[in-house]
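Chain by chain, the residues:
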Amino acid sequence: MATAAHMLSPLPQMSRAVAEWVNSVRELTRPRAIHWCEGSDAEAREITAQLVRSGELKTLNADFFPGCQLARSAPNDVARVEHLTYICTRSEEDAGPNNHWMDPQQAHAKMRELFRGCMRERTLYVIPYCMGPIDSPLSRCGVEITDSPYVVLNMLIMTRAGRPALERIAREGSFVRGLHSTGELDPERRFIMHFPEELSIESFGSGYGGNALLGKKCHALRIASWQARSEGWLAEHMLIVGLQNPRGETHYLACAFPSACGKTNLAMLIPPASLPGWRVFTVGDDIAWLHPGEDGRLWAINPEAGYFGVVPGTNPQTNRNAYEMIRRDTLFTNVALTADNQPWWEGLTSGTPTIDWQGRPYDPTRGPAAHPNSRFTVTARRNPSYSPHSEDARGVPITGLVFGGRRREVAPLVYEARDWQHGVMVGASVASETTAAAVGQVGVTRRDPMAMQPFCGYNFGDYWQHWLSLGAKLAQPPRIYHVNWFRRDAAGKFLWPGYGENLRVLAWMLDRCAGKAGARDAAIGRLPRPADLDTRGLDIRPEALAQLLSVDPLLWRNEVAEIRAYLARYGRRLPAALLSELAATEQRLG
Ligand code: GTP
Ligand code: SPV
Ligand code: MN
């Protein structure tokens, strides 16, 4: 319990370990001033006001978007940089073929030269944060040091940051160290380094999203996945959603889809009018920490406190909750503007852009008005479907796990794995088309196992073995599913309406878990027959639904061959169980 005297203690005096680290970083980076973040609303308002004065933030039309600001990033700093992201473990094999690797000493030396003197004329901010409910034993703390006040504002929304987190760090002693500087925003001098064996992160040269908000992908996925393996839990790129059926029973699903493949939208789905009586509760939209409970079930917490969500595509038809959520107290990054200073993005059904995301007069020949990876940062509490169990210290019990990808063909709308081991193979085989969330070509199909290709902090071979071992210990393991909302017809149109209508697929899963829904046995798993899905009031042609629920043996035999070639890269670290599951699938394909 914090005493009144404790409440008054100056932040730098609360944890000697943190103070000593801040000191050593100060000596290296030479900032003009040091600011320890309290985490109060007044502090966020003050930093916002300062950025508005300096022109780094623009206040949006307060009649329509009260409390909202716009930030524009450097044009060459608009997404995660997977090609510049490294896992620095002593042994290269521990990082695995799924990661770029650098020797830790070499990486530290390289980063030390970049950080040396980099904060001259800048303020060094110290952000103590807690990932997860502040009183949960499942939560973990970190401290981010950054010279970007924009990063501070984001971290204050995205994490439980400030004094209570520092109190917990002082009590527990251990924390993840994240050092960040925007440097000169030079892509040639940009690196995101992770040292899982030291629980530390060093990020230089970017101010954007997952490169710079170190609590998110760097800590809560790459470092946490490593910690989770040694401690017996899982850190996953998953949303957590509660679904209350018309009988009043609530079940939770955790779903892993790659970046910009529908997690935020599914987490805050609005049930269609033709499915009356359903309610949806969001626990998390991007990351789940999953722990085996004493009852033999899997329990999940959301380590984050806010959403850093994709803006384009958000509108009152696709998701009214998301649209309403970001109409106040929201930080927008890289959206366009209308003539009267309202934010604008592709997919919005009203308004006209006049200024593009780079602040230039909008000219359609130069591409979209808003950047395709433009984002909103907003507290989870603004979500109309915010779950009352979001702060539960033990988390919520998980009934089903869902993997998925964005694929114009091959993967059907949904299928169910036979058991946990088969489900791990299904997860390990996920492929998805790349999106604007990471720098690089968009629309290229690549393997993205468990949606963790950019985020697993260690060798995938060991990771799949950890999944298998953990499942074997669960008395009541969740069932495992695979979905694809993104199948297209010959003309390139989405076959499935998606968004709120996805509830029909989730309802089938929950009915399966309750032993109530039918399915047919297919080579790749169990699929609903059209009649097994509740399609009342759904506007879809029967041929489209049949196509969505079909498995093409020719395409799938080719798919299995590709999966086998991919898995072979993991050599002796690949669990044999995955190969035997794959062989069994191949045999069923005939
Ligand atoms: P990250 O924050 O990058 O991890 O993304 P995410 O997985 O949370 O994806 P998000 O929900 O933000 O959706 C990404 C894009 O896909 C947006 O443009 C959405 O409008 C679109 N989208 C989401 N759900 C669906 C769906 O069911 N069908 C279709 N066709 N598009 C969808
Ligand atoms: C993702 O790319 O999966 C995101 C956005 O959620 S970022 O924070 O940039 O990682
Ligand atoms: Mn994500």
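Please refer to the structure placed before this passage.
Per chain, the residues get numbers from 1 upward, laid out in the order the sequence is written. Each chain is given a letter, starting from A, and each ligand a number, starting from 1, according to the order in which they appear as written. A pLDDT threshold of at least 70 governs which residues receive local features in this predicted model, and a stricter bar of 80 or more applies before side-chain atom pairs are shown or counted, although totals over entire chains, interfaces and linings include all residues. The side-chain quantities take in all heavy atoms of the structure and omit both hydrogens and water.

Colleague: Got a sec to walk through the nonpolar core? Specific residues and values, please.
Modeller: The nonpolar core is taken to be a set of buried Ala, Val, Leu, Ile, Met, Phe, Trp, Tyr and Cys residues, with the residues joined through side-chain atoms within 4.5 Å. Only protein chains enter the calculation, and the probe is 1.4 Å; a residue is then buried if its accessible area is under 20% of its type maximum, exposed if over 50%, and partly exposed in between. Formed by 95 residues in total, the largest nonpolar core has its most connected members in Leu-290, Ile-398, Leu-401, Trp-464 and Trp-467. By the convention used here, residues are in contact when the closest approach between their heavy atoms is within 4.5 Å. Non-local contacts of Leu-290, meaning those with residues more than four positions away in its chain, are made with Trp-233, Leu-234, Glu-236, Met-238, Ala-254, Leu-298, Trp-299, Ala-300, Ile-398 and Leu-401. Counting 37 residues, the second largest nonpolar core, distinct from the first, contains Ala-267, Val-483, Leu-533 and Leu-549.

Colleague: Hey, could you go over the packing of helix H16 (residues 553-568) against helix H17 (residues 576-589) for me, with residue numbers and the actual values?
Modeller: An axis is simply a line fitted to the C-alpha atoms; with a helix, the fit covers only the stretch in contact. Between two such axes, the angle follows the N-to-C directions and lies from 0 to 180 degrees. Strands here mean DSSP runs of E at least two residues long; helices mean DSSP runs of H or I at least four residues long; both are numbered from the N terminus. It is at 10 Å that the axes of H16 and H17 come closest, and there the two elements cross at 165°. In terms of their interaxial angle, H16 and H17 are classed as roughly antiparallel. Both H16 and H17 take part in a crossing whose hand is left-handed. Contacts between H16 and H17 involve Pro-553, Trp-556, Arg-557, Val-560, Ile-563, Arg-564 and Leu-567 from the first element and Leu-578, Leu-582, Ala-583, Thr-585, Glu-586 and Leu-589 from the second. In these notes the angle categories are as follows: under 35 degrees is roughly parallel, over 145 is roughly antiparallel, 65 to 115 is roughly perpendicular, and the rest is oblique. Handedness of a crossing is defined here by the sense of rotation of the near helix relative to the far one, left-handed for an anticlockwise turn of less than a right angle and right-handed for a clockwise turn.

Colleague: Help me get a handle on the site of ligand 1, residues and values and all.
Modeller: Proximity criterion: a residue is near a molecule or strand once any of its heavy atoms comes within 4 Å of it. In the neighbourhood of ligand 1, 22 residues make up the surrounding shell, with Ala-260, Lys-263, Thr-264, Arg-375 and Tyr-499 lying closest. The separation between an oxygen atom of ligand 1 and a polar side-chain atom of Tyr-499 is 2.6 Å. Contact between ligand 1 and Asn-502: an oxygen atom at 3.0 Å from a side-chain N or O atom of the residue. Protein burial of ligand 1: of its 660 Å² of free accessible surface, 92% is covered by the chains. In this analysis, the protein atoms alone were mapped onto a 1 Å grid. Cavities are point sets where a 1.4 Å probe fits without being able to get out; pockets are open sets with protein on both sides within 12 Å along at least five of seven lines; lining residues have an atom within 4 Å of a point. Here the criterion for a molecule occupying a pocket or cavity is that more than half of its atoms lie within 2 Å of the pocket grid points. Among the cavities detected, the one that contains ligand 1 is the largest pocket. Secondary-structure elements contributing two or more residues to the shell around ligand 1 are helix H10 (263-267) and strand S18 (306-310). Counting of polar contacts relies on pairs of N or O atoms within 3.5 Å, with two restrictions inside protein: one atom must be capable of donating a hydrogen and the other of accepting it, and residues adjacent in sequence are counted only when both atoms are side-chain atoms. All accessible-area figures derive from a Shrake-Rupley calculation using a 1.4 Å probe, and residue coverage is judged against the displayed protein chains alone.

Colleague: How would you explain the sheet that holds strand S22 (residues 353-355) if you had to name every residue and give the values?
Modeller: Only strands joined by at least two bridges in the DSSP assignment are considered to pair. Reading across the sheet, the three strands line up as S21-S20-S22 and stay open at both edges, with antiparallel pairing between neighbours. Lying at the two open borders of the sheet, with one neighbouring strand each, are strand S21 (343-344) and S22.

Colleague: Could you give me a rundown of the layout of surface pockets, with the residues and numbers involved?
Modeller: Left-over empty space is what a probe sized like a water molecule reveals as it rolls over the atoms. Put simply, the largest pocket is a space of about 1,000 Å³. Those elements that provide at least two residues to the lining of the largest pocket are helix H8 (209-212), helix H9 (215-231), H10, S18, helix H11 (316-325) and strand S23 (375-379). For the lining of the largest pocket, the leading source of residues is H10, giving four residues. Amino acids are sorted into nonpolar (Ala, Val, Leu, Ile, Met, Phe, Trp, Tyr, Cys and Pro), charged (Asp, Glu, Lys and Arg) and polar (every other residue, Gly among them). Of the residues belonging to the lining of the largest pocket, the class tally is 22 nonpolar, 17 polar and eleven charged. Grid points are joined across faces, edges and corners, and a volume is the space filled by probe spheres set on the points. Here the second largest pocket defines a volume of roughly 870 Å³.

Purely geometric stuff here, so don't read any function into it on its own.
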